[in-house]
Number of protein chains: 4
Amino acid sequence: SLPDLDLTSGHLMNPAAPRYILSLSCPDRVGVVAAVSGLLASMNGWIVEANHHADPTTGTFFMRQEVLAESVPFGVDELGDHFLPIVDEFDMTLNIRDTSEPEPVAVFVSKHVHCLVDLLYRWQTGELSFDLKVVVSNHPDLRSLIEWYGVPFIHVPVDRENKTPAFEQMTSICDEHGVRTIVLARYMQILPPTMCRDYPNRVLNIHHSFLPSFVGAKPYHQAFDRGVKLVGATCHYVTEELDAGPIIEQDVVRVDHADAAADMVRLGKDVERTVLMRGLRYHLEDRVLVQGNKTVVFK
Amino acid sequence: SLPDLDLTSGHLMNPAAPRYILSLSCPDRVGVVAAVSGLLASMNGWIVEANHHADPTTGTFFMRQEVLAESVPFGVDELGDHFLPIVDEFDMTLNIRDTSEPEPVAVFVSKHVHCLVDLLYRWQTGELSFDLKVVVSNHPDLRSLIEWYGVPFIHVPVDRENKTPAFEQMTSICDEHGVRTIVLARYMQILPPTMCRDYPNRVLNIHHSFLPSFVGAKPYHQAFDRGVKLVGATCHYVTEELDAGPIIEQDVVRVDHADAAADMVRLGKDVERTVLMRGLRYHLEDRVLVQGNKTVVFK
Amino acid sequence: SLPDLDLTSGHLMNPAAPRYILSLSCPDRVGVVAAVSGLLASMNGWIVEANHHADPTTGTFFMRQEVLAESVPFGVDELGDHFLPIVDEFDMTLNIRDTSEPEPVAVFVSKHVHCLVDLLYRWQTGELSFDLKVVVSNHPDLRSLIEWYGVPFIHVPVDRENKTPAFEQMTSICDEHGVRTIVLARYMQILPPTMCRDYPNRVLNIHHSFLPSFVGAKPYHQAFDRGVKLVGATCHYVTEELDAGPIIEQDVVRVDHADAAADMVRLGKDVERTVLMRGLRYHLEDRVLVQGNKTVVFK
Amino acid sequence: SLPDLDLTSGHLMNPAAPRYILSLSCPDRVGVVAAVSGLLASMNGWIVEANHHADPTTGTFFMRQEVLAESVPFGVDELGDHFLPIVDEFDMTLNIRDTSEPEPVAVFVSKHVHCLVDLLYRWQTGELSFDLKVVVSNHPDLRSLIEWYGVPFIHVPVDRENKTPAFEQMTSICDEHGVRTIVLARYMQILPPTMCRDYPNRVLNIHHSFLPSFVGAKPYHQAFDRGVKLVGATCHYVTEELDAGPIIEQDVVRVDHADAAADMVRLGKDVERTVLMRGLRYHLEDRVLVQGNKTVVFK
């Protein structure tokens, strides 16, 4: 029988109560919302958040539904089984996540600490909810900080002449830890194409410019040389083409003639970590749906 | 029979194609979305935009649906009739608007031109879609500009000692023009309680501060005296209590010690008109649902 | 003898009181400020605003001083004569402007009204202080609006095959009206190199992207295709290289997946006019000093 | 003899080179800038940054000069002696700081870690330059983090019924450590009047609202109840009147109907720490001059 829902007690709206997040896309047509919401209603599913997007350019429909897990008499797999007929009928790509199973994440860093220190703080306080499996770096500098937080740290030096073994080791580390999402928190190495393909739309990078301006190295110095009045940062999924993957989030900060390139670096750091944390939040909450080289982000 | 929908021709996604906008609220429970979307699907309704909000504080559910008018074999009244059973079942407040019938609007102004000039430009270019019936002012100064735009202008002086006849005349003017929404584009008079009650959540005001700071007169001078580092503006529905109605939109702009009160006025003007135009757009597109003294704004 | 300065009366701080604006640059060294401020003090010059910038990259010093005209017993030419020894000694480029002589300006437009309508409003209300000599357009559409404001309008069609006569006519118009600054308020033609050279750092353009992203045609559509999360606008001086001149001001606005290219155009228009108006204000108040392809903007 | 200045070597522009920061205020009159810059030039003082502000309301002049220490043949005390005649002549309040002597700072915290973690990171990386003498808290929770950074931590419980001994202990701690500036990084206790008076304009607080809105306790919940569309934070100097001291810096972040009070708290935290860090930077670099209950902030 169905669970006894009691809204007045307010417990249903507990933000910490586990949820099933359904995110889907399909060719747009009449009846998609009715089919999905009808099925959810038939199993007593209590929707706490819902977002839709119909893309007129491609005729694609996107939807995200957050359903209280306790309102539904099924686990996540059985829930998925119930959706199979609809998935077929509407030619749907459907993903269901159980928020009580946090995403296993690896973080790759270099020597820059500003994004990492923010990530660790948000992870430790639970502001961002994920399972931080391991931090990997090509430098040993940040070991002590990471280990203070109780997170495994692995130093994988990258040999300029032969990067293959290093990235094979990193792939193994991710495999061993069951990692599903990789965060490049200012990791200054370019991932090999195989790794990009192994984690499609599951590697997040923070690029320190407002893309597509200033692709590649030293973007703040490029910005300084051009004399722009705002500098920015871009969180995007990593693809094989450098700094060209689907953009998840961007932001900027004002600079002026009195700001040297070093000031732009300093001011930009705050934007970088803010943008990376926002992008990561969207990703972890299954708010990002990718279509081609663009994203739908349900905020 | 149902209309022949042909997405590939792209005409369905014509942003100018008339739509029915359904906005509703009801006690939150399982099945609301299923009922509404199921009914819409049964009549072939093509949803182009949908937004939901479940308010955990009050247990109220809010929804806005934009449906292509040509996809449904009914006019707006008949459409409403089909929803009556659902309205009853879910104890729903439902409003349906046909976007092919633009909202009849009156604008009240004083001598300040900055909001008005922006409103006229957006109305003339069609960026904001409404039926500008009349502009009323207690000063004659702006007649020529308004009439250049082909809009009727009526000068209604307000006598400090006896405001009643003036506001009775303004009410008559609104009645004669079938006005449904009144925009106070820096109208410097306080509306009488009767008028507030006659147009519940249909009178928009722009207050030149970031409410609840600096209620009442000369807010920029209050801001200057307090030494704040940002000044703002607030678009809200007018209620009987001064500057205390439901807030629709707000924004701010940075100021510093070098800005005299006159500079704050100048900088603030740009925020005022931007905030008023955004608030008005949300209102005209039925994106604002009021609950108590707060708003849900589906952007 | 020197004028009788009476600060307590407050008249000195009247923002409308005429001022001499000195803007200068020279190789940086000890004593520049002392020399300039010492000379000003010797002639009783009352400084109401002062800004400095020492550029460490090039070793150049920039300064802007606003002096109350009535505090100095000289006209602008005589004032300049007194500075000649200092100009020589410090190898200085010095410009002095008398704010009681407003800048003669021509505006070039096409069919887009959004920047123009804002410019006309700010000019008419005196918010921006300049002498609007003439508006030139390659289309006749905006004649009526411009003439309502009492500004001469000249229609100069531009022949795609032979643009030379059109731009010669426009140069003549500017000459006849004594124009010193040209504002391209979304004028959709590319100025010929001769015209760029005739008005060095005196032609302001508004480009509808956050440069250097999306140079050239249809930047909003380029932005839409790339899937950026912010769109922007750039006010810059026009040089012979398209969209590559010194940047004066930039700003951005947030967009998301729900915004079609047409929405980006709509949202971007507000940024364009805001950025153009800010850039024009800085230019008119002699706050912009150009060094190479970059600007110092004393705000 | 004077030092041998060699700009071309670029060492003068080294941002890490020690500087003397002169900040002053005096009644506004002709000749202040000339006197100060003339004296600096006579001693070969190389000015790397200069800011002025003439306040028309009170007739007060404010100035800040950053001079390369190595360009001047004096220590900070001797430099001050040379300024005595000018200080007398112009009735000046003058402060000179040597940036090679970092400010001794104490931080007071409660249980909230978000501001502290940011402060520690910026202190450790040298992004903010000060001498972090001690962190004091009325809770033991953050000891481990603080000690990992190598900073002394002292737990001073505050007894609700008798706060006097606690604050006497804290005053002693500050005295022993030679503390000149106290940062309340979300310290949830109200300082006693004596402590406010002992550190005039030297205690920085971060209040979690856009003051003057929402003074006192639980400002995010007040903001939620009022239905505002932006929430903010304010960094101010602490005075005896709660949340009413001179404002140094403020900022806001957008919220909407979907944000519960808990979301506002989460979003606001990022604004709090950003605003506190900016305010602290301005304070540490002697950029904040207080006049009455307002600040001049030279950025």
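All chains use their own residue numbering, which begins from 1 and follows the written sequence. Following the order in which they are written, the chains are lettered starting with A and the ligands numbered starting with 1. Only residues with pLDDT of 70 or above have their local features reported here, since the model is predicted, and side-chain atom pairs are shown and tallied only from 80 upward, although totals for entire chains, interfaces and linings are computed over all residues. By convention in this description, side-chain values take in all heavy atoms of the structure and omit both hydrogens and water.

1. Concerning the overall build of chain A
Elements are defined by DSSP. Helices are runs of H or I of four residues or more, strands are runs of E of two residues or more, and each kind is numbered from the N terminus. Each helix and strand counted, chain A has eight helices and 13 strands in total. The globule rule is 2.2 Å times the number of residues to the power 0.38, and the radius of gyration it is compared with is taken over C-alpha atoms. The C-alpha radius of gyration computed for chain A amounts to 21 Å, which stays within 12% of the reference 19 Å derived for 299 residues, consistent with globular compactness. Taking the principal axes of its C-alpha atoms as reference, chain A extends roughly 65 × 40 × 40 Å. Note on definitions: a residue-residue contact is assigned when non-hydrogen atoms from the two residues lie within 4.5 Å. Across chain A, the fraction of contacts at a sequence separation of at least 24, relative to all contacts at a separation of at least 6, is 68%. The method behind every accessible area is Shrake-Rupley, applied with a 1.4 Å probe, and residues are considered shielded solely by the protein chains displayed. Just so you have it, chain A exposes about 11,400 Å², and 50% of that area is on carbon and sulfur atoms. Under this rule, positive means Lys or Arg and negative means Asp or Glu; His and the chain ends count for nothing. Throughout, a charge is located at the NZ atom of Lys, the CZ atom of Arg, the CG atom of Asp or the CD atom of Glu. Across chain A, the mean location of the 26 positive side-chain charges is 9 Å away from that of the 40 negative side-chain charges.

2. Quick notes on the interface of chain A and chain C
At the interface, 34 residues of chain A touch 34 residues of chain C. When two parts are put together, the accessible area they lose, computed with a 1.4 Å probe and summed over both, is reported as buried area. With both chains or domains summed, chain A and chain C bury close to 2,900 Å², and 54% of this area falls on carbon and sulfur atoms. Among the residues chain A hides against chain C, the three largest losses belong to Arg226, Lys229 and His257 of chain A. Together they make up 24% of the total. A pairing counts as a salt bridge when a side-chain nitrogen of Lys or Arg comes within 4 Å of a carboxyl oxygen of Asp or Glu. In this structure, the salt-bridge partner of glutamate 249 of chain A is arginine 254 of chain C, at a minimum N-O distance of 3.1 Å.

3. Remarks on the environment of serine 25 of chain D
Residues and elements named next belong to chain D. Looking at the element boundaries, serine 25 is found in strand β1 (residues 19-27). Look at serine 25 and you get buried, because its relative accessible area is 18%. Between the C-alpha atom of serine 25 and that of asparagine 95, which follows or precedes it by 70 residues, the distance is 9.3 Å. Once you skip the residues sitting within four places of it in the chain, serine 25 turns out to touch Thr60, Phe61, Phe62, Asp91, Met92 and Thr93. Burial status follows relative accessibility: with a 1.4 Å probe on protein chains alone, a residue under 20% of its type maximum counts as buried, one over 50% as exposed, and anything between as partly exposed.

4. As for the relation of the copies chain D and chain A
C-alpha atoms of residues with pLDDT of at least 70 in both copies form the basis for the least-squares superposition of the copies. The two copies are related by a screw motion: chain D maps onto chain A through a turn of 180 degrees and a shift of 0.0 Å along the axis, at an RMSD of 0.0 Å. Taken together, the rotation and translation describe the operation of a two-fold axis. Of the interface residues in chain D, 100% have counterparts in chain A that sit at the interface too, so the contact is made through matching surfaces.

5. Quick look at the relation of the copies chain A and chain C
Mapping chain A onto chain C calls for a screw motion: a turn of 180 degrees about the axis and a shift of 0.0 Å along it, with 0.0 Å RMSD after fitting. Interface overlap between copies is the fraction of interface residues in one copy that are interface residues in the other; for chain A against chain C it reaches 100%, indicating a shared surface.

6. Looking at the pattern of salt bridges
Inspection of the entire model under this criterion finds 104 salt bridges over all chains. A salt bridge links glutamate 49 of chain A to arginine 287 of chain A; the shortest N-O distance between them is 2.7 Å. Highlighted residues: glutamate 49 of chain A in strand β2 (residues 47-55) and arginine 287 of chain A in the loop between α8 (261-284) and β12 (288-291), separated in sequence by 238 residues. The closest approach of N and O atoms between arginine 278 of chain A and aspartate 251 of chain A, which form a salt bridge, is 2.7 Å. Taken together, the positions of arginine 278 of chain A in helix α8 and aspartate 251 of chain A in strand β11 (residues 247-254) put the pair 27 residues apart, joining distant regions of the chain. Assessed through its relative accessible area of 26%, arginine 278 of chain A is described here as partly exposed. Judged by its relative accessible area of 21%, aspartate 251 of chain A falls in the partly exposed class. Residues joined in a network through salt bridges with shared partners are Arg19, Glu49, Arg64, Glu66, Asp118, Arg122, Glu127, Arg281, Glu285 and Arg287 of chain A together with Asp270 and Arg273 of chain D.

7. Considerations on the packing of helix α3 (residues 114-124) of chain A against α8 of chain A
All names here are of chain A. The geometry of α3 relative to α8 is characterised by a closest axis approach of 9 Å and an angle of 40 degrees between their N-to-C directions. As far as their axial angle goes, α8 and α3 are oblique. Note that α3 runs across α8; the crossing there is right-handed. Listed contacts from α8 to His114, Cys115, Val117, Asp118, Leu119 and Arg122 of α3 are Lys269, Glu272, Arg273, Leu276, Met277 and Leu280. Residues are grouped as follows: Ala, Val, Leu, Ile, Met, Phe, Trp, Tyr, Cys and Pro are nonpolar; Asp, Glu, Lys and Arg are charged; all remaining types, including Gly, are polar. Of the residues assigned to the contact of α3 with α8, the class counts are six nonpolar, one polar and five charged. Whenever a helix is involved, its axis is fitted only over the stretch in contact; in every case the axis is a line through C-alpha atoms, and angles between N-to-C directions fall within 0 to 180 degrees. Here is the rule for angles: anything less than 35 degrees is roughly parallel, anything more than 145 is roughly antiparallel, 65 through 115 is roughly perpendicular, and the remaining ranges are oblique. In a left-handed crossing the near helix is turned counterclockwise from the far helix by less than a right angle, and in a right-handed crossing that turn is clockwise.

8. Regarding the state of the cysteines
The disulfide criterion used throughout: a pair of cysteine sulfur atoms within 2.5 Å. Evaluation of the coordinates by the stated rule reveals zero disulfides over all chains. The thiol sulfur of cysteine 235 of chain A is not disulfide-bonded, and the nearest other cysteine sulfur, from cysteine 115 of chain A, lies at 9.6 Å. The thiol sulfur of cysteine 174 of chain B is not disulfide-bonded, and the nearest other cysteine sulfur, from cysteine 196 of chain B, lies at 13 Å. Under the relative-accessibility criterion, cysteine 174 of chain B is labelled buried at 0%.

9. A few points about the interface of chain D and chain A
By convention, interface size is frequently given as the accessible area that disappears when the constituent parts associate. Tallying the contact residues gives 17 residues for chain D and 17 residues for chain A. Three residues stand out in chain D for area buried against chain A, namely Tyr121, Trp148 and Arg266 of chain D, and they jointly supply 37% of the buried area on that side. Across the pair arginine 273 of chain A and aspartate 118 of chain D runs a salt bridge, and its minimum N-O distance is 2.3 Å. By the criterion applied in these results, polar contacts are pairs of N or O atoms within 3.5 Å in which, for protein atoms, one can donate a hydrogen and the other can accept it, and in which residues neighboring in sequence qualify only through two side-chain atoms. Remark: the boundary between chain D and chain A carries six residue pairs in polar contact (both at pLDDT 80 or more). Of all the secondary structure elements, the ones that give two or more residues to the side of chain D that touches chain A are α3 (114-124), α4 (143-148) and α8 (261-284) of chain D. A class-by-class count of the residues in the side of chain D that touches chain A yields six nonpolar, three polar and eight charged.

10. Some remarks on α8 of chain A
Residue and element names in this part refer to chain A. Residue count minus one, scaled by 1.5 Å, sets the expected span of a helix. The end-to-end C-alpha distance of α8, which contains 24 residues, comes to 33 Å, matching closely the 34 Å that a straight helix rising 1.5 Å per residue would cover. Glycine 268 marks the point of greatest bend in α8, at about 30 degrees. Just past α8, the residue aspartate 286 takes up positive phi, approximately 55 degrees. Note that the bend at a residue is defined as the angle between axes fitted to the seven residues ending at it and the seven residues starting at it.

11. Digging into the sheet that holds strand β10 (residues 230-237) of chain D
The pairing of strands in a sheet happens through backbone hydrogen bonds and is either parallel or antiparallel. Residues and elements named next belong to chain D. At least two DSSP bridges between two strands are needed for those strands to be called paired. In space, the seven strands of this open sheet follow the order β7-β6-β5-β8-β9-β10-β11, with mixed pairing throughout. On the outer flanks of this sheet lie β7 (153-155) and β11 (247-254), each paired with one strand and no other. Strand-to-strand twist across the sheet, computed as the mean angle between neighbouring axes with direction ignored, equals 20 degrees. The pairing of strand β8 (residues 181-184) with strand β9 (residues 203-207) spans three bridges and is parallel.

12. Describing the pairing of strand β13 (residues 294-297) of chain B
Sheet topology places strand β12 (residues 288-291) of chain B next to β13 of chain B; four bridges connect them, and they run antiparallel. Residue pairing for β13 of chain B: leucine 289 of chain B is matched across the bridge by valine 296 of chain B.

13. What to know about the sheet that holds strand β6 (residues 131-137) of chain A
Residue and element names in this part refer to chain A. The mixed open sheet is built from seven strands, whose spatial order is β7-β6-β5-β8-β9-β10-β11. Edge positions in the sheet fall to β7 (153-155) and β11, since each has one partner strand and no second. Averaged over all adjacent pairs, the angle separating strand axes in this sheet is 20 degrees, with direction ignored. Inspection of the sheet shows strand β5 (residues 104-109) paired to strand β8 (residues 181-184) by four bridges, in the parallel sense. Bridging across to β8, valine 105 finds its partner in threonine 181.

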